[in-house]
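Geometric and topological summary
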Amino acid sequence: MNPAVVVDVGWVNGLAAIRSLGRAGVRVLALDHRPSALGFRSRYAEPVLTPDPQDEEAFVSFLEGLELDAPAPVFATHDEPLNAIARAAGRFGERFLYPFPRWEVLSRIQSKRSQLEAAEAAGVPVPRTAYPGSADEARAAAEELGWPVLVKPSSTEGFKRRFGRQAFRCETAAEVERAYADAEAYEPMVQEAIPGGDGELYTLGSYLAAGGEALGLFCGRKLRQTPPGIGTCRVGEAVWVEEVVERGLGLLRALGFHGLSQVEFKRDPRDGAYKLMEVNPRLFQWHGLAAACGVDLPLIAYRDLTGERLGPVSTNGARRRWAITLLPGESPAPQRPPYVDAVFARDDLKPALVQVARLLRR
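Residues numbered from 1 in each chain as written. Predicted model: local features only at pLDDT ≥ 70, side-chain atom pairs only at ≥ 80, totals over all residues. Heavy atoms only, no water.

**Considerations on empty space enclosed by the protein**
- The tally for this structure, following the rule as stated, stands at 2 cavities of 30 Å³ or more.
- Here the largest cavity is characterised by a volume of approximately 50 Å³.
- Along the walls of the largest cavity sit Val74, Phe75, Ala76, Leu82, Pro99, Phe100, Leu260, Pro281, Arg282 and Leu283, which together make up its complete lining.
- Per-element accounting of the lining of the largest cavity gives the leading share, 3 residues, to strand β4 (residues 72-76).
- Residues that form the lining of the largest cavity fall into these classes: 9 nonpolar, no polar and 1 charged.
- Reported here for the second largest cavity is a volume of approximately 40 Å³.
- Along the lines of polarity and charge, the residues of the lining of the second largest cavity split into 5 nonpolar, 2 polar and 2 charged. (1 Å grid on protein atoms, 1.4 Å probe; cavity = no way out; pocket = protein on both sides within 12 Å on 5 of 7 lines; lining within 4 Å. Points joined across faces, edges and corners; volume = space filled by probe spheres on them. Helix = DSSP H or I, 4+ residues; strand = E, 2+ residues; numbered from the N terminus. Nonpolar A, V, L, I, M, F, W, Y, C, P; charged D, E, K, R; others polar.)

Encoded structure:
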């Protein structure tokens, strides 16, 4: 079998990809720049310590020298390594197989402004958004949109690592001006904050083959985020919403995208419309729930990329929950059994033991 490469395995999205592929008998090279990466503890992983992807030349050069015995599907779990790999694809020859389009297409998708503009052109509802060129314009846009507003990066690469968050929520003009100044290097946007809690956030997770056929479809909603309001999934459930699926697929095809992705919407309680939050052209944090519901997105992508003919599958009809049960500094989040824990697995116990030991030390 062709090997597979999973990049950035520090947390649960990388761990879930390792397990999906390893359980199918695939040799999995797990790459990360941190020796403490949780995915390194999986029995299905061959740990490989790399340079930090922020040092893009060193990271790409390392990948050029990675020993592979056949072309390997490569799975990125975060934007920095994804973009570095896509930009350097021409240097890798036939070493890797890619569950994402060429950089000329991907670069447009990695602009949140381009996502919103493509969504509007495709008839997909979006939050009211302004693209200011100065702090004064940002303040004026916020006052016109109405408080609170979000100051979000259009170019996200490096933003979360620098600020520890995905956006700034602002209640005053002073907060908007400060957020704009902090985010100026990331082409900040000012966007209305759609009302409603975390339970109004819905996801389409999918794998689209190069010809556009949807070979794997997952639909679900978040029940709890960390931190609340603007964060990553802590608890989610599989639930099929046809409008979310159809709008998400329509947008991906309008963007010319194929591969693995997450399209996230928020249901606006004012009008019931599902409004685009973002497109992530890679594996998302809770894709392990899709696998538990019969739509194993990394494995579907691996099999398609290595030439196996597949029929489409979806989670339509599935109803199951997923949770990161234990997190430092937060109360436990167990769900009614049976549910999918993001770390614990009977056939791969060490990551959960390591996580518990780290929590106890803290």
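Next comes the rest of the description.
**Quick look at the layout of surface pockets**
- Size it by volume and the second largest pocket reaches roughly 460 Å³.
- Going through the elements one at a time, α1 (12-23), α10 (287-292) and β17 (340-341) are the ones with two or more residues in the lining of the second largest pocket.
- With 6 residues, the top contributor of residues to the lining of the second largest pocket is α1.
- The class makeup of the residues in the lining of the second largest pocket is 11 nonpolar, 3 polar and 7 charged.

**Describing the sheet that holds strand β3 (residues 45-49)**
- Ordered by their spatial adjacency, 5 strands build an open sheet running β3-β2-β1-β4-β5, and the pairing between neighbours is parallel. In this open sheet, the two strands that pair with only one neighbour each are β3 and β5 (96-97).
- Sheet topology places strand β1 (residues 4-7) next to strand β2 (residues 28-32); 4 bridges connect them, and they run parallel. Paired with Val5 across the bridge in β2 is Leu29.
- Contacts between α1 and the sheet are confined to β1, β2, β3 and β4, with β1 contributing the most and set at about 170° to the helix. (Pairing = 2+ DSSP bridges. Contact = heavy atoms within 4.5 Å. Axes fitted to C-alpha atoms, helices over the stretch in contact; angles between N-to-C directions.)

**Considering the pairing of β1**
- Residues Ala4 and Val6 of β1 are buried on one face, and the alternating residues Val5 and Val7, pointing to the opposite face, are buried as well.
- With α1 bridging β1 and the parallel β2, this β-α-β connection has right-handed handedness. (Buried < 20%, exposed > 50% of the residue type's maximum accessible area, 1.4 Å probe, protein only. Right-handed = clockwise from strand over helix to strand, strands pointing away.)

**A few points about the state of the cysteines**
- In total, this model carries 0 disulfides according to the counting rule given.
- Cysteine Cys219 shares no disulfide, and the gap to the nearest cysteine sulfur, in Cys293, comes to 11 Å. (Disulfide = S-S within 2.5 Å.)

**A few points about α1**
- Over its 12 residues, α1 extends 16 Å from the first C-alpha to the last, a length consistent with the 16 Å expected when each residue adds 1.5 Å.
- Counting buried positions over the 12 residues of α1 gives 11, a clear majority of the element.
- Those residues of α1 lying buried are Val12, Asn13, Gly14, Leu15, Ala16, Ala17, Ile18, Arg19, Ser20, Leu21 and Gly22.
- Looking at the residues trailing α1, positive phi occurs at Gly25, about 90°. (Expected span 1.5 Å × (residues − 1).)

**Examining the packing of helix α6 (residues 135-145) against helix α8 (residues 173-183)**
- The contact between α6 and α8 brings their axes to 9 Å, and the two run at 135°. Overall, the two elements α6 and α8 adopt an arrangement that is oblique. Our pair here, α6 against α8, has a crossing hand that is right-handed. Contact residues: Ala135, Ala138, Arg139, Ala142 and Glu143 in α6; Ala173, Val176, Glu177 and Tyr180 in α8. (Parallel < 35°, antiparallel > 145°, perpendicular 65-115°, else oblique. Left-handed = near helix turned anticlockwise from the far one by under 90°.)

**Section: a nonpolar patch on the surface**
- A cluster of nonpolar residues, Leu326, Val356 and Leu360, forms a patch on the protein surface that exposes about 270 Å² of accessible area.
- When you line up the elements, Leu326 lands in the loop between β16 (321-323) and β17. (Patch = residues over 30% accessible without salt bridge, like charges linked within 9 Å, V, L, I, M, F, W, Y side chains within 5 Å. Areas by Shrake-Rupley, 256 points an atom, 1.4 Å probe, with all protein chains shown as cover. Salt bridge = Lys/Arg side-chain N within 4 Å of Asp/Glu carboxyl O.)

**Some thoughts on the sheet that holds strand β9 (residues 188-192)**
- Spatially, the 4 strands line up as an open sheet ordered β6-β9-β7-β8, and their pairing is antiparallel. A single partner strand is all that each edge strand has here, and the edge strands are β6 (129-130) and β8 (168-170).
- Note that β6 and β9 share 2 bridges and pair antiparallel. Looking at β9, one finds that Ala130 is bridged to Val190.
- Packing of helix α5 (residues 112-121) onto the sheet brings it into contact with β6, β7 (149-153) and β9, and relative to β9 it is tilted by some 45°.

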